[in-house]
Amino acid sequence: GDLNALGGKTPIDSLPDELLYKLFRLVQVLLFPERWWHLLRVCRRWSTLGRTASLLWSDIAIGSKRNDASFIETSLKNAMNAPLTIYIHNNWSFTHSLSHLSAHIGRIQGLIIVDSSYNNESNNLTTFLDQTFPALRTLEDRSTVKGHVGDPLAWRLVPSRCRRLHHLSLGGLLSLKVLPNAIFPSLRTLQLKNDTNPCFTLPQFIQFLSRHPYLQELSLMQYSPNAEDLQTTLDFPTTIKRFTFIDSASYV
């Protein structure tokens, strides 16, 4: 629509900076999230624009094809004071990135574990997660236990370390471990999935929900807590606007 407004014939090197930035962002998000920075090699103007657009550097992938510490350091520098979202991929070497990320922990608003492996780096990941994240709003585990040998990586989430947590999605290789009486005061979205060893029985899960009266979205995807001791009905917080349940008919 913006290009049509310019008559559809404007050369790309004549586009104003704000439109070039939008194109950079589209390439980054939709097409080549791990290689968008190749656009900076086109010309000096594109390089200057890209390096000074802090939001283009605020989504940082750890362990993607470009996972050297110097590139991560460059991303942190170019992001300036923008809030950060960290994506942790399968073949990461987390040790080399830990010191860089820890120095900016107060800016991290999102942690996305894309496809982690249970390997020699797992202890470094849990050490990093055990820190306090004052700005963290989103924590997602998108990894999968399919084809995985051994137990999922267990980690106990402590509310006092992420009091602004708004969106929590766990149940892959990073198995959710929280106390039933834990309270996350800002929690609005809860997604639990694919946990082969749930830490909650169903009564404990009901208790956990009752302590989060501001929850708006609840999603249970093949998450099957032990229901043998259930002696009460499953009452959701009245604030819930969306509920998703995916499981076998027998468990339903």
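Conventions adopted
- Residues numbered from 1 in each chain as written.
- Predicted model: local features only at pLDDT ≥ 70, side-chain atom pairs only at ≥ 80, totals over all residues.
- Heavy atoms only, no water.
- Buried < 20%, exposed > 50% of the residue type's maximum accessible area, 1.4 Å probe, protein only.
- Helix = DSSP H or I, 4+ residues; strand = E, 2+ residues; numbered from the N terminus.
- Contact = heavy atoms within 4.5 Å.
- Salt bridge = Lys/Arg side-chain N within 4 Å of Asp/Glu carboxyl O.
- Phe/Tyr/Trp six-rings, centres within 6.5 Å; stacked < 30°, edge-to-face > 60°.

S.K.: Hey, could you run me through helix H3 (residues 44-52) in this one?
M.R.: Those residues of H3 that fall on the buried side of the exposure criterion are Trp 46, Ser 47, Leu 49 and Gly 50. Along its buried surface, H3 packs onto helix H2 (17-31).

S.K.: Which parts of the structure should I look at to understand the pattern of salt bridges?
M.R.: Pairing is possible between side chains that carry opposite charge, provided their charged atoms lie close to one another. Under the defined criterion, the tally for this structure stands at four salt bridges. For Arg 25, the salt bridge goes to Asp 59, with nearest N and O atoms at 3.6 Å. In this pair, Arg 25 is assigned in helix H2 and Asp 59 in strand S1 (residues 59-62), connecting sequence segments 34 residues apart. Its relative accessible area of 27% is what places Arg 25 among the partly exposed residues. The residue Arg 142 makes a salt bridge to Glu 140 at a minimum N-O spacing of 2.9 Å. Judged by relative accessible area, Arg 142 falls into the partly exposed class, the value being 45%.

S.K.: Mind showing me how you'd approach the packing of aromatic side chains here?
M.R.: A ring pair, where both rings are aromatic, is described by two values, the distance of the centres and the angle of the planes. All chains considered together, the criterion is met by five aromatic pairs. Taken together, a centroid distance of 5.4 Å and an interplanar angle of 65° make the contact between Phe 24 and Trp 46 edge-to-face. Placement of Phe 24 in helix H2 and of Trp 46 in helix H3 is noted, with a sequence separation of 22 residues between them. By relative accessible area, which is 10% here, Trp 46 ends up buried.

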